[in-house]
Amino acid sequence: MKLIAYLFLLFPILSFAQTITYSGVVRDKSTGKPIEHVSISVYDSNVATLTNSEGRFRITVPTSAKKINFNHLSYDRLDYVLSEQTENITIYLNDSSFELEEMIMYNRPIKDVIKEVIDNSKAKFSKDVKLNTYYREMMNIDGKVYSYADGMLNYYFKNKATSNVIVEQSRALVFNDDFKNYEQAPIKFYLLDLQTIITSAFKFERIWNIVKNKNYDLYVTGKKAADGRELKILYFEPSDSNTENYYKGTLIFDDEKKLVLEINIELSPKHLKNLKEESRIVYKVKFTDISFKQIFNDVNDRYFLAYDTRRIEGDVKIGEHRFSVGGIHELISVNSSITNEKPDPNKIYFEKTLDVLGKNFKTKFWENQNVILLNSKEEEMLRKINN
């Protein structure tokens, strides 16, 4: 059995009978630089998307749509009134991150404050929701791209406990050159599991395990966003004497509504020594890079997961085989609905990664759906798939 290490990128999609597609780029008004991870949502609709690493976006909306909202926690929100111009739209956002953050002192433990926010955020999610998403994953072996896959996936999240996945369309490519050491490895190795992305995000398990850990130092600052929202930022990092944990990061939440808005987790440079080689049944792995990011939107009185990305890299030993392996996934929610609809049990997808499906598409979904646009380097790499 071959060894495969993977991470995932993922986001939702929906098409309409009568639609218009708008595309452009979002930039910082002061510097002109493109802004990544700007959430774009359509008023009076559940349609949404996200800007890519070059600030570019494309969104297909109902013809009845009048305006769309651009939202990033470091910038002022902006409402854009739709017009006859559909291409090469440039959106400029005002940077609001310069506002001073003030230390917040609570008369109760910080973990109790965060638990209240997490519990309230969980309660805002519907128990029966269907998420249309766009998802992509990429795997690297010894610094070279080994495989790429993306697709339109529907997640059926039931009773706030489990989710089923239906793959509507997908494409995948495995590069077999120069990977013999990896190809000959005798096991199948997964870094992440696309089946668990939604349930993990909706349960907030990773961040809560950090917050309740007594070996982490926690403090909260606050600032007022330009639109009047009171934002709080939880900072966390292992204490200096901590010899087991290695994550640091932030949790940003709306203080009035008690809703989680963004989670960022990465390795703490001061605690890299805590990363130990892990022995499994037939292999050993030492992780060298781990990061997570989640964005939750509160728009049009809807609270939903807008974006989820994870990156993992590590050094693997399997007998005489040695190689570095890494992967990344991204997921965006492009539409959502509250429904009692049940997925066709014959179509439920159980694999941990998307690459095994190969070319599984009827339309060029990457051109006509609300996806995360590829950056220039990715477009060059994927010409092999499209050809």
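Keep in mind that this is a model prediction, so the values were computed, not measured. (Residues numbered from 1 in each chain as written. Predicted model: local features only at pLDDT ≥ 70, side-chain atom pairs only at ≥ 80, totals over all residues. Heavy atoms only, no water.)

## Considerations on the overall build of the chain
So, step 1. From N to C terminus, the chain includes seven helices and 20 strands.
So, step 2. Buried residues in the chain amount to 54% of all 387 residues.
So, step 3. Contacts spanning at least 24 positions in sequence make up 69% of the contacts within the chain whose residues lie at least 6 apart.
So, step 4. About 18,200 Å² of surface is accessible on the chain, with carbon and sulfur atoms providing 47% of the total. (Helix = DSSP H or I, 4+ residues; strand = E, 2+ residues; numbered from the N terminus. Buried < 20%, exposed > 50% of the residue type's maximum accessible area, 1.4 Å probe, protein only. Contact = heavy atoms within 4.5 Å. Areas by Shrake-Rupley, 256 points an atom, 1.4 Å probe, with all protein chains shown as cover.)

## Things to note about the pattern of salt bridges
So, step 1. Scanning the entire structure with this criterion turns up 18 salt bridges.
So, step 2. Taking the shortest distance from any N to any O, the salt bridge between R56 and E54 comes out at 3.2 Å.
So, step 3. On the basis of relative accessibility, which here comes to 25%, the residue R56 falls in the partly exposed class.
So, step 4. Exposure remark for E54: the relative accessible area of 26% places this residue in the partly exposed category.
So, step 5. Between E341 and K130 there is a salt bridge, with the nearest N and O atoms lying 3.6 Å from each other. In this pair, E341 is assigned in the loop between β20 (321-338) and α5 (365-368) and K130 in strand β10 (residues 128-141), connecting sequence segments 211 residues apart.
So, step 6. Assessed through its relative accessible area of 14%, K130 is described here as buried.
So, step 7. It is possible to trace a salt-bridge network through shared partners that takes in E54, R56 and E379. (Salt bridge = Lys/Arg side-chain N within 4 Å of Asp/Glu carboxyl O.)

## Some thoughts on the sheet that holds strand β8 (residues 89-93)
So, step 1. Strand order in the open sheet formed by three strands is β5-β2-β8, and the pairing between neighbours is mixed. Each edge of the open sheet carries a strand with a single partner, namely β5 (56-62) and β8. Sheet twist, expressed as the mean angle between neighbouring strand axes with direction ignored, is 35°. (Pairing = 2+ DSSP bridges. Axes fitted to C-alpha atoms, helices over the stretch in contact; angles between N-to-C directions.)

## Thoughts on the side chain of D308
So, step 1. Secondary-structure assignment places D308 in strand β19 (residues 302-318).
So, step 2. Polar contacts involving the side chain of D308 include one to the side chain of R310, which spans 3.4 Å. (Polar contact = N/O pair within 3.5 Å; in protein donor to acceptor, adjacent residues only side chain to side chain.)

## Focus: the confidence of the model for the chain
So, step 1. This prediction gives the chain a mean pLDDT of 86; 88% of its residues lie at or above 70.
So, step 2. When the criterion is pLDDT under 50, residues 1-16 qualifies, and its contacts beyond four places in sequence or with other chains add up to 126 contacts. (pLDDT = per-residue confidence, 0-100.)

## Some points on the nonpolar core
So, step 1. Counting 81 residues, the largest nonpolar core has Y155, L194, F202, F204, Y247 and V260 as its most contacted members.
So, step 2. Counting residues in hydrophobic clusters, the runner-up holds 19 residues, among them V26, A65, I68 and L93. (Core = buried A, V, L, I, M, F, W, Y, C linked by side-chain atoms within 4.5 Å.)

## Observations regarding the packing of aromatic side chains
So, step 1. This model, assessed by the stated rule, comprises 15 aromatic pairs.
So, step 2. When the centroid spacing of 6.3 Å and the interplanar angle of 75° are considered together, the rings of F361 and F365 count as edge-to-face.
So, step 3. What links up through ring pairs into an aromatic cluster is the set F125, F157, F202, F204, F296 and Y303.
So, step 4. Positioned over the ring face of W366 is R171, at 4.0 Å from the centre of the ring.
So, step 5. Sitting over the face of the ring of F292, R206 holds its NZ or CZ atom 3.8 Å from the ring centroid. (Phe/Tyr/Trp six-rings, centres within 6.5 Å; stacked < 30°, edge-to-face > 60°. Lys NZ or Arg CZ within 6 Å of the ring centre and 35° of its normal.)

## Brief notes about helix α1 (residues 110-124)
So, step 1. With 15 residues, α1 should cover 21 Å at 1.5 Å per step; its first-to-last C-alpha distance of 21 Å lies within 8% of that length.
So, step 2. All buried positions along α1 are accounted for by I110, V113, I114, V117, I118 and S121. One side of α1 carries all its buried residues, which in axial view fall inside an arc of 130°.
So, step 3. Those residues of α1 that are buried lie in contact with α4 (205-211), β13 (216-224), β14 (230-238), β15 (247-254), β16 (259-267) and β19. (Expected span 1.5 Å × (residues − 1). Arc of directions from axis to C-beta.)

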